[in-house]
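# What the coordinates show
Spelled out from the first residue to the last, the chains are:
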Amino acid sequence: MTTHSSTTEVSGEPGRDEERQGFDEIHILWISEGMSCDGDTVSLTAADQPSIEDLVLGLIPGLPKVNLVNKVLSPSLGGEDFLAPYRAAVRGELAPFILVIEGSIPNQNIIEGDGYWTSFGNDPETGEPQTLNWWIDQLAPKAWAVVAAGTCATFGGIHAMAGNPTGCMGLADYLGWDFRSQGALPVVNVPGCPIQPENFMETLIWVLYHAAGSAPPPPLDHMLRPQWLFGKTVHEGCDRGSYYEQGTFAKDYNSPKCLVKTGCWGPVVNCNVPKRGWMAGIGGCPNVGGICIGCTMPGFPDAFMPFMDEPPGGTLSSMIVKPYGAVIRRLRGFTNELVNHEPRWRHNKRKLTSGYDPHWRP
Ligand code: SF4
Ligand code: SF4
């Protein structure tokens, strides 16, 4: 482990120098062996501002050198070669590191007898699979920060829906919502099914600047989500909001209008995807015709199913907005007609009619 002082000198303020100590190298140990599809890892490769390549190549000024270990992106030959940094971290020989968990955490306690829901490598001594739960138990207390990538790891997600056999849950459910890492951070939750690429990247970069000693801890809300990403609703950033306001609603899936009557949960879902787009501002959900199914939310998916039915609150709110919307739409129609004409002084006749007054000339 290496540390360095920030280059920022703050004289005459006792204690500030200590506050600004930071790491100049850090490992990211990513485990996607939860109840997972690896979709969050794949999604991350689409990030552009910055990209994962920018991060691992050290192209972002002021960040610690990052050693990323992720099975999908690993240049190792796999097996024990790949597992070596994880084993070193368990032994306390690799620090500091950020532990990233992808996928929901199964409940091992409900298994009677031998067996496991999901594992990551085998115990070198016994040859028995080592469960995800064992790895979390070993690594989370030693991690400088713990990050949950995707809705499965944050809140349980699709794998934790009613009727599932694994009894799985999110990382904070498993570690405790009052868990604190070595860096004094709670679990940092970045929900999304999958994560929006730059939502995750921005959060990771913030955590890394904090690790470098040059940023405060990332501001998180009561569900441990980054506030600047999840503080607003889908509806507040949806470019179909004007249709909603004017009371014009789509009745089928090929309409450019507001989708609330075809199943959009946007008004009550915390997510920035329609505002931000998916890749380079392109794509999204309701903004491009796909109902919001609330995939970032702690209640996902059960609270939002069946997805293609109108949300219960949508009926009332759309009914209330309809008469107001009809009047406003009509009034705007008149004004729109008015401003769709050029002023009468724009012509090619012999007389100037713009109202120009030359009286000020000498
Ligand atoms: S499509 Fe959904 S998010 Fe967009 S305005 Fe309509 S209800 Fe709101
Ligand atoms: S807009 Fe809705 S469906 Fe799309 S990513 Fe956000 S929460 Fe998920």
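The model shown is predicted, which means the values in this text are computed figures rather than measured ones.

### A closer look at the side chain of H210
- Within the fold, H210 resides in helix 8 (residues 197-211).
- Accessibility expressed as a relative area gives 17% for H210, which makes it buried.
- Here H210 is in contact with W144, G183, L185, A215, P216 and P217, once residues within four sequence places are set aside.

### Remarks on the side chain of N287
- When you line up the elements, N287 lands in the loop between helix 11 (273-276) and helix 12 (312-338).
- Residue class for N287 comes out buried when judged on its relative accessible area of 13%.
- A distance of 3.1 Å separates a polar atom in the side chain of N287 from the backbone oxygen of G283.
- A polar side-chain atom of N287 sits 2.8 Å from the main-chain amide nitrogen of C285.

### Remarks on the pairing of strand 6 (residues 119-122)
- In terms of strand pairing, strand 6 meets strand 7 (residues 129-131) through 2 bridges, oriented antiparallel. Each residue of the ladder has a partner; that of N122, found in strand 7, is P129.
- Between strand 6 and strand 7, which follow one another and run antiparallel, lie 6 residues, and G127 among them has a positive phi close to 80°.

### With respect to the site of ligand 2
- Taken together, V234, V269, C271, V273, P274, C285, C292, I293, G294, C295 and T296 are the residues near ligand 2.
- When the residues that make up the shell around ligand 2 are grouped by side-chain class, the tally is 9 nonpolar, 2 polar and no charged.

### Overview of the nonpolar core
- The biggest cluster of nonpolar side chains holds 59 residues, and the ones touching the most others in it are L55, Y86 and F200.
- A total of 7 residues in this core trace back to one element, the largest contributor, which is helix 8.
- With near-sequence residues (within four places) excluded, F200 lies in contact with W30, L44, V100, V147, A149, V190 and I195.
- In this structure, L259, V269, C271 and M297 belong to the second largest nonpolar core, which totals 14 residues.

### Regarding the site of ligand 1
- In the vicinity of ligand 1, the residues found are V234, H235, C238, R240, G241, C258, L259, V260, C264, G266, P267 and P286.
- A class-by-class count of the residues in the shell around ligand 1 yields 8 nonpolar, 3 polar and 1 charged.

### Details of the UniProt feature "binding site: [3Fe-4S] cluster" (unreviewed entry) in the protein chain
- Feature annotation in UniProt places "binding site: [3Fe-4S] cluster" (unreviewed entry) on C292 and C295, given in this structure's numbering.
- Topologically, C292 is positioned in the loop between helix 11 and helix 12.
- Along the chain, the position of C295 falls in the loop between helix 11 and helix 12.
- With near-sequence residues (within four places) excluded, C295 lies in contact with T151, G192, C193 and F300.

### Considering the environment of K65
- Along the polypeptide, K65 turns up in strand 4 (residues 65-69).
- Along the chain, K65 and A212 lie 147 residues apart, while their C-alpha atoms are 9.7 Å from each other.
- At a separation of 3.1 Å, a polar atom in the side chain of K65 contacts the side chain of N67.

### With respect to the UniProt feature "domain: NADH:ubiquinone oxidoreductase-like 20kDa subunit" (unreviewed entry) in the protein chain
- Per the UniProt record, "domain: NADH:ubiquinone oxidoreductase-like 20kDa subunit" (unreviewed entry) is annotated on residues 37-205.
- Segment residues 37-205 splits into 30% helix and 15% strand. End C-alpha atoms: 24 Å apart.

Rules used throughout
- Residues numbered from 1 in each chain as written.
- Chains lettered and ligands numbered in written order.
- Predicted model: local features only at pLDDT ≥ 70, side-chain atom pairs only at ≥ 80, totals over all residues.
- Heavy atoms only, no water.
- Helix = DSSP H or I, 4+ residues; strand = E, 2+ residues; numbered from the N terminus.
- Buried < 20%, exposed > 50% of the residue type's maximum accessible area, 1.4 Å probe, protein only.
- Contact = heavy atoms within 4.5 Å.
- Polar contact = N/O pair within 3.5 Å; in protein donor to acceptor, adjacent residues only side chain to side chain.
- Pairing = 2+ DSSP bridges.
- Near = heavy atom within 4 Å.
- Nonpolar A, V, L, I, M, F, W, Y, C, P; charged D, E, K, R; others polar.
- Core = buried A, V, L, I, M, F, W, Y, C linked by side-chain atoms within 4.5 Å.
- UniProt positions renumbered as here; feature names shortened; annotations may be inferred.

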